[in-house]
Each structure stands twice: as structure tokens, then as C-alpha cells.
Number of protein chains: 2
Amino acid sequence: MLNNDRNNVESVARRQVLAGTGALAAGVALAGLGGLVSTAHATGRDMTAWPWPYRKLDPAATAEIAYNEWYRVFCGAAVINSVFSQLKEKVGEPYASFPSDAFVFLEGGQLGWGTICGSAAGANIVANLIIGPRISGTSEGHEISADIMQWYSETELPTYTPKKPKITARLPTTTSDSPLCHISVGRWMKAANKPLKSKERKDRCARVAASTAFRLVELLNQWKDGDYEATSDFSCAKENGITGQYNCMDCHGENVPQPPMPKT
Amino acid sequence: MLNNDRNNVESVARRQVLAGTGALAAGVALAGLGGLVSTAHATGRDMTAWPWPYRKLDPAATAEIAYNEWYRVFCGAAVINSVFSQLKEKVGEPYASFPSDAFVFLEGGQLGWGTICGSAAGANIVANLIIGPRISGTSEGHEISADIMQWYSETELPTYTPKKPKITARLPTTTSDSPLCHISVGRWMKAANKPLKSKERKDRCARVAASTAFRLVELLNQWKDGDYEATSDFSCAKENGITGQYNCMDCHGENVPQPPMPKT
């Protein structure tokens, strides 16, 4: 848990060291005068000065935007736009300039290839754009994303019911045990007995985008308040010696292969 | 295949219609004078005017940058930076402002969760940022990304050998049949009998980033020349009624389930 202002000074200064520019001395001088934070924010358009200015958002209002945006730009861009469209109004730059609509391709687990759910991918993009990558000197963008991946995998989704739903019938909820679109959508389709192109499946995915945006804003608000603590306790690389989820037996059955391990 | 200049005029004009702004009349007037394209590019920092200005790059030089950047920012951000760092020099904005380093989190299939390989995810981001999303009135960013997904899955990777490799031993190449990090890395680790944290596995992934950047720039150069034609012929949704790859039996074995299908 880091104070945001201190965190900003540290991450900007560290970035300048990493980038090998000559700006460090000036940055430190400004920081000494208490001026670096406001300077970084005042320049507005500099998208590489982290963290980006953030104001707390209402999770339900954000979810409602994501739900409706799904029908325009699908899951990934809907989550990004649900946060950035509000910050564009409340803060301005760099949100006003960021090309959120470019991320329509996150749909269907990236162009229909069923990899990471676009809602989770969009949330990861938002957290890391606002807070910065772990190489910028703060780990909280990375940690919030890991929390989103685990929350997405373990939660009965969707959790959010829109105020004016396009489908009035009650939709089932399912736990995916995975952040993959193919598995998340497939488990829900099986439970609902609805095809991919049904209006029910589409509305379920719009609600998953809304649910993910809701959770993301809860975490960002905690971070803004200095109250965020990482909860994800899973590292497949550490535990199993390979990147992955914790649903090994979903695909491997009883015969989970052992990857090559370091000689001890 | 569309001429880029015509495409630019069409997509900008269509975006203004979609955005519901009053700029269409002005845009059409400028287009009538042949001025819209240069105007869109002259504003420079507008990241939502597609396509972004692009100059053809050398695939091998790009691959070399991606290889070395992997050791700083890992797969996804390495691919993004390999293209954008050159266009920042050759073109300037909006590449100079884009926060490529924020995408470090694409590492390990997003934070080690083994979903989409960061190299493919980074290439998809680049193609859609430069050319624009399919809702902007052009489908070629979407199509290049689909081509990258299929190329990645079908190709013995890595294809690119760096000029000054950090590992001099010959590394095996493997075909993943999937764009997922877990499967791509796992198949290579099995073939090489090397653990995840070995210097050989790391250098293999740096070379995969380089190989993907090479292929991406080949496709972007074709697009710039007006010679690009989509080659990906795979749609899991159309063929199987669910998002996914074409490696169904990798996980499902002989018992590939039938998803709920539309009543005919």
C-alpha cells in the first residue's frame, strides 16, 4: 500500500532513471519543491507519466455504461470506455486522447479466438494505464490485474444486473475456473442451453463486462484511497513451473504432465 | 484491399458519423478539396483518427529491436515498442505519446496466467491502433490480427534468429497449434527439456517476440502498399458454434462436446 502522491513521485523519478534521460535531476529538484506531482498532471497529455490522474467513480454507474457500451464496442472496449469516458469528463487528458475504441478486437477472446475474456483484458489495460506497469516503480497496477484474473475465474458471473436490461428473463450464473473466453462462455452456454448467437448469450456477456467494470472500479477506488491490498495468491509459475491457470485437470484430466523443472 | 488514402478518408468520415459530431459536413468539404487526409495527419496527436500515419519498416530491424526489448519489457510491450519506437522517430505523433510500456502486464499470457501469448496480443494492439478497429470503417486491422493468430498457431517458432543472440546454442522450434502462452511455452519446454526459468526458455520467448514483430511488419508493409489480402480462413464461431481455436482435441480428446446450436 503506497500513498498515491508519494507513489507518483517515485514512479516518475524511477521511470526517468530507467529511460536514461537527463530529466532525473530536474525531477528530483521539482519533487524537493513538492512540485513534481502537479507538474506531471498539468502537462496532461503525457501518457507515460504514471499514475494518471484518477478520481473515484461509482461502480454501479460504471457498470451501467459498460453494459450499454457492450452493444457498441463489445467486451474489452466496453470496460475501457466505461472508466475512461467518465474520467474524460471529470479529469480530461490523457483520457480524452486515449483511443479506447481501437480495442474492439478484444471481442470473443481476441477476434473470436477464445483466449482471454475481453472484459478481463480490458480491465487489465485500464489498471496498468492508470497506475503504470510494474517497471515504473509501482506494483499495484499489476496486482489489481492479477486480482481481476482470479476474481473473474472464481466468481459466479454475471454479478451485475443492469437497471434497464435488454433481456428480462433471469439468466443463469456460472463459475468459469478460468479467464478464457472459450471456457467462460462455454460453461455459461451449457448451463443456459443457449447458442452463441442468442440474445441471451450476448446479454450475459454484456453483464459480465458490467460486472468486471464494477469490480475494477472498486479496486481502483481502494487504491486511490490508499486502502488497496493485493488479494491474489496464485502463481502458476511458482506452483507448477509453467504459466497457466489453476484448472489443470479441466484439460489434462488425471494425467497432468510435469514440466521440465530446475535441477535441485 | 483498399487504397490507404481513400480508406483514410472513408474511415475518418464514417467515424464522425458514428460519433454523432457535427464534423461530417466539414470533413466532406475537406475531402472534396483533397485535404482531409493531410489534415487528419497534421493534427498529429489525435489518436482516434484512423489510420495513424505509417511508414514501411524493415522487418529484420524491427525483429532485432523486439528481441532486445524483451529483456526490458517482455513479450507484449517488446512487440509494441519494436514498431512504435521506430515510427516515433520516422513519424512522431501519435507514436511518441503512446504509453507502450504500460503493456508489460501482457507477459506470461497476462500476468503469468498463460492466456494469449503477449507477442500475439501486442501485435494485435499495434495493428488495431495503426489501422483502426473494424467499427471505424475498415476491417484490415482486424484481419491482420486474425492472420497473426493463425500464423502464430501454425508456424514452427521461433522463425527469427537474432544477430547477436544471448544464447549461442541452437534452440528447438515448435508449433503450438494455439495462440495460448501456456500451450506454446509448454510444447517448447517439452521439446527443449528446459524449465520455465531457464535462460534458454527466456531467449526462446524473446525470439518469438522478434519473429512476431517481423511477421507483423511484413503485413503492415503490404497494407501500406495496398497489397494486403487477408489469409486467415478460420472462424471457430462459424464452424463450431463457440469462440475458440482449432485444437479442440488438445483439451477435449475424442469427446469434443457439441455446444447448444441454433434451432434450424
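The structure presented is a predicted model; accordingly, all values stated were derived computationally and were not measured.

Parameters at a glance
- Residues numbered from 1 in each chain as written.
- Chains lettered and ligands numbered in written order.
- Predicted model: local features only at pLDDT ≥ 70, side-chain atom pairs only at ≥ 80, totals over all residues.
- Helix = DSSP H or I, 4+ residues; strand = E, 2+ residues; numbered from the N terminus.
- Contact = placed C-beta atoms within 7 Å.
- Nonpolar A, V, L, I, M, F, W, Y, C, P; charged D, E, K, R; others polar.
- Domains from an automatic or database assignment.
- Least-squares fit on C-alpha atoms with pLDDT ≥ 70 in both.
- Expected span 1.5 Å × (residues − 1).
- Buried ≥ 20, exposed ≤ 12 C-beta atoms within 10 Å, placed from the backbone.
- Core = buried A, V, L, I, M, F, W, Y, C linked by C-beta atoms within 7 Å.
- pLDDT = per-residue confidence, 0-100.

Asker: When you look at the overall build of chain A in this model, what are you seeing that I'm missing?
Answerer: A tally of regular secondary structure across chain A gives 10 helices and zero strands. Secondary structure elements of chain A, listed N to C terminal, follow the sequence α-α-α-α-α-α-α-α-α-α. Long-range contacts, defined here as pairs at least 24 residues apart, represent 67% of the contacts in chain A between residues at least 6 apart.

Asker: In this structure, what is going on with the interface of chain A and chain B? I would like to understand it.
Answerer: At the junction of the two partners, chain A supplies 56 residues and chain B supplies 56 residues. Those elements giving two or more residues to the side of chain A that touches chain B turn out to be helix H5 (118-131), helix H6 (140-154), helix H7 (181-192) and helix H9 (236-240) of chain A. When its residues are assigned to classes, the side of chain A that touches chain B shows 30 nonpolar, 21 polar and five charged.

Asker: Sorry, what's going on with the domain arrangement of chain A here?
Answerer: One frequently used descriptor of interface size is the decrease in accessible area upon assembly of the parts. Domain boundaries assigned for chain A yield domain 1 (1-42), domain 2 (54-232) and domain 3 (234-264). When grouped by side-chain class, the residues that make up the side of domain 2 of chain A that touches domain 3 of chain A number one nonpolar, four polar and one charged.

Asker: Looking at this model, I keep getting lost on the relation of the copies chain A and chain B. Mind explaining?
Answerer: For these two chain copies, the linking operation is a rotation about an axis paired with a shift along it. Screw-axis analysis of chain A against chain B gives a translation of 0.0 Å along the axis, an RMSD of 0.0 Å, and a rotation angle of 180 degrees. Such a combination of turn and shift is consistent with a two-fold rotation axis. Among all residues of chain A, the minimum C-alpha distance to the rotation axis is found for A:Cys251, at 2.2 Å. Mapped onto chain B, 100% of the interface residues of chain A again fall at the interface, so both copies present the same surface.

Asker: What's the story with helix H6 (residues 140-154) of chain B in this structure? I'm lost.
Answerer: Since the α-helix packs 3.6 residues into each turn, any two residues three or four apart lie on the same face. Taking 1.5 Å per residue, 15 residues should reach 21 Å; H6(B) reaches 21 Å between its end C-alpha atoms and fits that length. For H6(B), the buried fraction is high: 13 of the 15 residues fall into the buried class.

Asker: Looking at this model, I keep getting lost on the environment of A:Tyr67. Mind explaining?
Answerer: All names here are of chain A. Looking at the secondary structure, you find Tyr 67 in helix H4 (residues 59-90). Among the residues examined, Tyr 67 registers 28 C-beta atoms within 10 Å and is labelled buried. A C-alpha to C-alpha distance of 8.8 Å links Tyr 67 and Pro 165, two positions 98 residues apart in sequence. Residues in contact with Tyr 67, not counting those within four places in the same chain, are Pro 162, Ala 206, Arg 207, Ala 209 and Ala 210.

Asker: How do you make sense of the environment of A:Ser178 when you look at a structure like this?
Answerer: All names here are of chain A. The residue Ser 178 is located in the loop between H6 and H7 in this model. Taking the C-alpha atoms as reference points, Ser 178 and Ala 213, 35 residues apart in sequence, are found 18 Å from one another. Ser 178 has contacts with Ser 153, Ile 183, Ser 184, Gln 245, Asn 247 and Asp 250, leaving out every residue within four places of it along the chain.

Asker: Can you help me understand the nonpolar core in this one?
Answerer: Nonpolar side chains tend toward joint burial in soluble globular proteins. Counting 140 residues, the largest nonpolar core has A:Ala209, A:Leu216, B:Ala209 and B:Leu216 as the members making the most contacts within it. Ignoring any residue separated from it by four or fewer positions in sequence, one finds B:Ala209 in contact with B:Ala66, B:Tyr67, B:Trp70, B:Cys75, B:Ala78, B:Val79 and B:Ser119.

Asker: Help me understand the confidence of the model for chain A, please; the structure alone is not making it clear to me.
Answerer: Detailed reading of the predicted coordinates is not advisable wherever pLDDT falls low. Taken residue by residue, chain A gives an average pLDDT of 86. The fraction at 70 or more is 83%. Note that residues 1-44 of chain A has pLDDT below 50 and, in this model, 54 contacts with residues that lie over four places away or in other chains.

Asker: Whenever I open this one, the environment of A:Leu219 confuses me. Can you help?
Answerer: Residues and elements named next belong to chain A. Checked against the element boundaries, Leu 219 lands in helix H8 (residues 199-224). C-beta crowding within 10 Å serves as the criterion here: with 22 such atoms nearby, Leu 219 is assigned to the buried category. Leu 219 sits 19 residues away from Lys 238 along the chain, and the two C-alpha atoms are 25 Å apart. Look past the residues within four positions of Leu 219 in its chain and what remains in contact with it is Ile 144, Asp 147 and Tyr 228.

Asker: Would you take a moment to explain unusual backbone geometry for this structure?
Answerer: Most of the time, phi is negative for any residue but glycine, and the peptide bond is trans. Residue A:Pro51 is bonded to the preceding A:Trp50 through a cis peptide linkage, with omega at -5 degrees. Inspection of the secondary structure puts A:Pro51 in the loop between helix H3 (36-42) and H4. A:Pro158 follows A:Leu157 through a cis peptide bond whose omega is 0 degrees. Within the fold, A:Pro158 resides in the loop between H6 and H7. Backbone geometry at B:Phe74 places phi at a positive 65 degrees, although glycine is not the residue there. Within the secondary structure, B:Phe74 sits in helix H4 (residues 59-90). With 25 C-beta atoms counted inside 10 Å, the residue B:Phe74 sits in the buried group. If you check the backbone angles, B:Asn193 has positive phi at about 55 degrees while not being a glycine. The class for B:Asn193 is exposed, based on 11 C-beta atoms found within 10 Å.

Asker: Honestly, H7(A) in this entry has me stumped. Any pointers?
Answerer: Residue and element names in this part refer to chain A. The end-to-end C-alpha distance of H7, which contains 12 residues, comes to 16 Å, matching closely the 16 Å that a straight helix rising 1.5 Å per residue would cover. Every buried residue belonging to H7 is among Cys 181, His 182, Ile 183, Ser 184, Val 185, Gly 186, Trp 188 and Met 189, and all of these are buried. In this fold, the buried residues of H7 make contact with H8. Phi turns positive, to about 55 degrees, at Asn 193, one or two residues after H7.

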